[in-house]
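Here's the letter readout for the chains.
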Amino acid sequence: AVVSTQSTGEPIVRRVLPGTKAMDFFAWPDQRFDDMDGNLAVEQYIRQCIRHDFKDLDGMLEPPDGVDVNVWNYEHLRQFCNQLNDLCVLLQPVCNAETCSQMTATVSWIFLCAVHKEPKECCAIDYIRHTLDGAASILNSFKYFPSRQNIKETSVNKLPSTCRRVYRIFSHAFFHHKKIFWDFELRTMLCH
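Residues numbered from 1 in each chain as written. Predicted model: local features only at pLDDT ≥ 70, side-chain atom pairs only at ≥ 80, totals over all residues. Heavy atoms only, no water.

1. Description of the overall build of the chain
Stated formally: Under the scheme used here, helices are H or I runs from DSSP no shorter than 4 residues and strands are E runs no shorter than 2 residues, and both carry numbers assigned from the N terminus. Exposed residues in this analysis have more than 50% of their type's maximum accessible area, buried residues have under 20%, and partly exposed residues fall in between, with area computed by a 1.4 Å probe over protein chains only. Note on definitions: a residue-residue contact is assigned when non-hydrogen atoms from the two residues lie within 4.5 Å. Accessible areas in this description were obtained via Shrake-Rupley with a 1.4 Å probe; residue shielding takes into account the shown protein chains only. By the counting scheme adopted, Arg and Lys are positive, Glu and Asp are negative, and His together with the chain ends is not counted. Lysine's charge is taken at NZ, arginine's at CZ, aspartate's at CG and glutamate's at CD.
The secondary structure content of the chain amounts to 7 helices and 2 strands. The order of helices and strands in the chain, counted from the N terminus, is β-β-α-α-α-α-α-α-α. Principal axes of the C-alpha set define a box for the chain whose edges measure 60 × 40 × 30 Å. The buried share among the 192 residues of the chain stands at 39%. Look at the contacts in the chain between residues 6 or more apart in sequence, and 56% of them connect residues 24 or more apart. In the form shown here, the chain has an accessible surface area of approximately 11,600 Å², with 55% of it arising from carbon and sulfur atoms. On the chain, the mean spot of the 21 positive side-chain charges and the mean spot of the 23 negative ones are 7 Å from each other.

Below, the structure written as structure tokens:
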């Protein structure tokens with residue numbers, strides 16, 4: 001059990017007990033960022049904001065005082081990719097090599113898969129998997145991100161290209177799988 005205290009000094013046990021229904025997960029009170037500690041405090045705070053009100057985009061995107069903006073952006077991109085895996089799972093039954101042989105958004109845009117030694121065409125679902133795997137590899141790389149407390153400026157340069165590539169997944173889903181896109185978007189507000 002994770003025991004923490006609020007500013008009032010009251011202990012709060014943060015634990016999901018065996019047999020807890022999914023709707024009752026995380027039923028404990030929200031914690032102020034200042035009361036969070038450890039290497040994962042920023043990630044923990046972002047996830048808490050999402051659970052509290054995933055539609056409050058302004059509140060979710062505003063870093064707490066004292067949080068390095070590069071760490072904030074890095075942790076948001078990690079969370080973004082984590083949630084985007086859910087969209088990938090939803091697309092798999094309808095997006096395959098036969099239905100979507102190329103990774104396209106509109107008819108004028110064909111995206112090449114950058115995870116290969118030489119960028120090449122992949123069917124859309126493979127492009128999506130490769131892109132999410134590549135993003136996870138970069139974001140979890142000790143070489144680029146040895147700490148989740150402080151991000152080197154040279155590593156910050158990896159974030160825009162990673163973000164650009166994963167956003168292409170939304171483009172494909174929007175133009176080719178609208179119902180799945182909108183069902184997902186209404187549950188997550190991730191593309192907003």
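2. Topic: the packing of aromatic side chains
Which entries qualify depends on this criterion: Any two rings among Phe, Tyr and Trp, with Trp reduced to its six-membered ring, count as a pair given centres within 6.5 Å; such a pair is stacked if its planes are under 30 degrees apart, edge-to-face if over 60, and tilted if neither. When the NZ atom of lysine or the CZ atom of arginine is within 6 Å of a ring's centre and also within 35 degrees of its normal, the charge is said to sit over that ring.
Applying the stated criterion across every chain yields a total of 12 aromatic pairs. Between Phe181 and Trp182 the ring centres are 5.0 Å apart and the planes differ by 85°, which places this aromatic pair in the edge-to-face class. When its relative accessible area of 40% is taken as the criterion, Trp182 is described as partly exposed. Connected via pairs of aromatic rings, a cluster forms that spans Phe80, Tyr167, Phe170, Phe174, Phe175, Phe181 and Trp182. Sitting above the plane of the Phe174 ring, Lys178 keeps its charged end 3.4 Å from the centroid.

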